[in-house]
Amino acid sequence: MRTAESVAIDERRLLRRLDELAQRGALPGGGLYRALYTPSHVAATELVSDWLKEGGLLVRRDAVGNIWGRIEGSRGGRAIVTGSHIDTVRGGGALDGALGVVAAVEAVTSLVSQLGRPNRILEAVAICEEEGSRFATNFWGARAIADRIEPDEASRVRDADGITLADAMRGVGLDPSTIAQAVRRDIDTFVELHIEQGPILEEDGPRLGVVRTIVGTAHLEVVVRGQPDHAGATAMDRRRDALLGAAAMTLAIAEAAREMGPPAVATVGTISVEPAQLNVVPGVARFTVDARHSDNARRVELIAEITKVCKVAGRERELGVEVRTLRDRPSVQLNERATDVARRACVACGVEPREMTSGAGHDAQVLSAAAHVAMIFVPSIGGRSHCPEEATAAEDVILGTRALTAALRELAYS
Ligand SMILES: [Zn+2]
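Note that this is a predicted model, so its numbers are computed, not measured. (Residues numbered from 1 in each chain as written. Predicted model: local features only at pLDDT ≥ 70, side-chain atom pairs only at ≥ 80, totals over all residues. Heavy atoms only, no water.)

**Comments concerning the overall build of the chain**
A count of helices and strands for the chain gives 12 helices and 15 strands. Relative to its length of 414 residues, the chain is compact, with a C-alpha radius of gyration of 23 Å against a globular reference of 22 Å. For the chain, the C-alpha atoms occupy an extent of roughly 80 × 45 × 40 Å along the three principal directions. Of all 414 residues assigned to the chain, the portion counted as buried reaches 55%. Looking at the chain alone, contacts between residues at least 24 apart form 79% of all its contacts between residues at least 6 apart. Accessible area for the chain stands at about 17,800 Å²; split by element, carbon and sulfur atoms hold 49% of it. Here the chain carries 49 positive and 57 negative side-chain charges, and the mean point of each set is 3 Å from the other. (Helix = DSSP H or I, 4+ residues; strand = E, 2+ residues; numbered from the N terminus. Rg over C-alpha atoms; globule rule 2.2 N^0.38 Å. Buried < 20%, exposed > 50% of the residue type's maximum accessible area, 1.4 Å probe, protein only. Contact = heavy atoms within 4.5 Å. Areas by Shrake-Rupley, 256 points an atom, 1.4 Å probe, with all protein chains shown as cover. Lys, Arg positive; Asp, Glu negative; His and termini not counted. Charge placed at Lys NZ, Arg CZ, Asp CG, Glu CD.)

In C-alpha cells form, the structure reads like this:
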C-alpha cells in the first residue's frame, strides 16, 4: 500500500533497536525494570542519544533528563515533536514507552536522511519518566515540559529507600534547582506512538488506532476503623473487624463500577491492616481505589458511588470510614486537527484506524496542556502490558512506525 513518494523506514534497524533497548534494565527472571535515574535508565538514555547523533540530529539532555534530538526547520516557528517515555514499571515489557521512543528516532532520522531539512523544527524525545514506579509521582518528564512540577516536589518526594528525587537527580549529574529550564512553550504538535495495552485492536481490528480521549483517573484512600481484639477470646458476633469491612467494600466497589457499565472501572490495588498480627482482629484497614471513566461527569458520579457504598458497608458493621481523594485527573480530549493528521497517515499506510479511548494514562495527556497532541495505537498481543509477556507483532510495530513517519512528514514538511 506504500505510495511511491512515501519515506522508507529501516525496518530491521527499528526491530533491532527495540531489542537493544530491552537489554537495558533486563531482569534475570524475565521482564525489565528501568526506573528513573538508575544505572539502567542512564544506559538507555545514552543508547538513544547515540542513535539520535548517528541520525545527524542535535542532541541534548534537558534539566530533568529528557533526551531531545532536533533538526531546525527552514521556516522556524513552533516545533513538531514525537516520542514517549523510556522508564518502565518493575517487571514490565519491552514496548511500553520504548516503542514510541525507538519509532520516534526511526521516523525523524528517516525523514531527515531522505527529505533533508524540514520546514518546521522537528524533534524526537525520550521522556525520562511516566510510570511512577520508583517515586510516588508520575509523568515527571512530561510535567517538567508542561510546567506542571510543584516547587518543592523534588525535595519532598522519596523512593522506597528514602532517597529524594532531588538527590537522585544529583546522582546522575542533574541540578534540581534548574528544573524550570525543562519547560517548553514552543511545541506546536506532539505525536506519540504507543502500544494499546488492551485487547481491542487485536481482537476486533483494525491494526491501527487513533486516540480521541484519555480517561480521567481518580485515586482514593479509604481508612476503615474498627476495634482490635483477641482472635481467640472475642466471639464472632462481638467483633468490629476492619478487614472484613474492607473486604465487603472491595466487593461493593467492583459492583458499583460494573453497574455503571463500561468504560467505568474501579480497582482496589493495595490494602494494609493494623496491627497486622496473626492472632489479633484487625482494628484498622487502609486500602486504595483507582477509579476511571472517560466522561468527567460520570467519573465524579463513580467516585460518589464508591464513597457511598463504603459508608453503607461501614455502617452495617459499625465501622468508621474515611474516604480521601489522593489525586483526581480529568479525562483529556486529544487535539482534533492533530488526530486528523494521524488518521490520514494511517490511511496512507492502508489502514482506516479505529477511534479509541485510552484507559491507560500517557505522556500525551499531560503534554496536551502545552501542545496539540495526537496518539497512534498498535495492537498488544493478548492485550497484555506491564508484564514480561507484553508484545506486538513485528509487522504491526513496522506499520505503526510508518504511520508515525507519515504523520510527521505532513506536519513538518508540508
Ligand atoms: Zn506507556
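**What to know about the pattern of salt bridges**
Oppositely charged side chains are able to pair whenever their charged atoms sit close together. For the coordinates displayed, the defined rule picks out 29 salt bridges. Put simply, E20 and R16 hold a salt bridge, and the shortest N to O gap is 3.7 Å. Here E20 pairs with R16, and both are found in helix 1 (residues 11-23), just 4 residues apart, close to one helical turn. Of the charged contacts, one joins R120 and D188 as a salt bridge, the two residues approaching to 3.6 Å between their closest N and O atoms. (Salt bridge = Lys/Arg side-chain N within 4 Å of Asp/Glu carboxyl O.)

**Some words on the coordination of the zinc ion**
At this site the zinc ion is bound by H85 (NE2), D96 (OD) and H194 (NE2), with donor distances of 2.0 to 2.2 Å. Read from N- to C-terminus, the donor residues coordinating the zinc ion fall into the pattern H-x10-D-x97-H. One end of the pair, H85, is in strand 3 (residues 79-85); the other, H194, is in strand 5 (residues 187-195), with 109 residues separating them in the sequence. Both residues of the pair, H85 and H194, count as buried. (Donors = N, O, S within 2.8 Å, 3.2 Å for Na, K, Ca; no water.)

**Digging into unusual backbone geometry**
Residue P206 is reached from G205 by a cis peptide bond, and omega for that bond is -10°. Going from E274 to P275, the amide bond is cis rather than trans, its omega being 5°. Mapped onto the elements, P275 comes out in the loop between strand 9 (265-274) and strand 10 (280-281). Even without a glycine there, the phi angle at Y37 is positive, about 60°. Relative to the helices and strands, Y37 is located in the loop between helix 1 and helix 2 (39-54).

**A short note on the nonpolar core**
The nonpolar side chains of a soluble globular protein tend to be buried with one another. Ranked by size, the top nonpolar core spans 55 residues in total, and within it L21, V48, L99, L122, L208, I376 and L408 carry the most contacts. Ranked by the residues each element gives to this core, the list is headed by helix 3 (residues 98-115), at 11 residues. (Core = buried A, V, L, I, M, F, W, Y, C linked by side-chain atoms within 4.5 Å.)

**Remarks on helix 8 (residues 242-260)**
One turn of an α-helix holds 3.6 residues; hence residues three or four places apart share an orientation. For helix 8, with 19 residues, the first-to-last C-alpha span of 27 Å sits near the 27 Å given by 1.5 Å per residue. Next to the buried residues of helix 8 lie strand 7 (216-225), strand 9, strand 11 (284-293), helix 9 (296-316) and strand 12 (320-329). Where helix 8 begins, the capping side chain belongs to D241, and its oxygen is found 2.9 Å from the backbone nitrogen of L243. With its phi angle positive at about 90°, G261 sits one or two positions after the end of helix 8. (Expected span 1.5 Å × (residues − 1). Polar contact = N/O pair within 3.5 Å; in protein donor to acceptor, adjacent residues only side chain to side chain.)

**Side note on the layout of surface pockets**
The computed volume of the largest pocket comes to approximately 820 Å³. Along its surface, the largest pocket is lined by 36 residues, and Q197, R292, G359, A360 and G361 are the ones closest to its centre. When residues of the lining of the largest pocket are traced back to their parent elements, those giving at least two are strand 7, strand 11, strand 12 and strand 14 (354-358). Counted by class, the lining of the largest pocket contains 12 nonpolar, 16 polar and 8 charged residues. (1 Å grid on protein atoms, 1.4 Å probe; cavity = no way out; pocket = protein on both sides within 12 Å on 5 of 7 lines; lining within 4 Å. Points joined across faces, edges and corners; volume = space filled by probe spheres on them. Nonpolar A, V, L, I, M, F, W, Y, C, P; charged D, E, K, R; others polar.)

**Details of the packing of helix 3 against helix 12 (residues 394-413)**
Contact geometry of helix 3 with helix 12 gives a least axis separation of 9 Å together with a crossing angle of 50°. Regarding the angle of helix 3 to helix 12, the classification is oblique. Helix-helix and strand crossings are classified by hand; for helix 3 and helix 12 the assignment is right-handed. Taken together, the residues of helix 12 that come into contact with helix 3 (itself represented by L99, A103, A104, E106, A107, V108, L111, V112 and L115) are V397, T401, L404, T405, L408, R409 and Y413. (Axes fitted to C-alpha atoms, helices over the stretch in contact; angles between N-to-C directions. Parallel < 35°, antiparallel > 145°, perpendicular 65-115°, else oblique. Left-handed = near helix turned anticlockwise from the far one by under 90°.)

**With respect to the state of the cysteines**
Overall, the coordinates contain 0 disulfides when judged by the stated rule. Just so you know, C346 is unpaired, no disulfide at all, and the nearest cysteine sulfur is the one on C349, 6.9 Å from it. Assessed through its relative accessible area of 0%, C346 is described here as buried. (Disulfide = S-S within 2.5 Å.)

**Concerning the pairing of strand 6 (residues 209-214)**
Every regular strand shows the same layout, with side chains that alternate between the two sheet faces. Most of strand 6 sits out of view: 6 of its 6 residues are buried. Taken together, the 5 bridges between strand 6 and strand 14 define a ladder with parallel strand orientation. Note that in strand 14 the partner of T213 across the bridge is T357. As paired elements, strand 6 and strand 15 (residues 372-378) share 2 bridges and run antiparallel to each other. (Pairing = 2+ DSSP bridges.)

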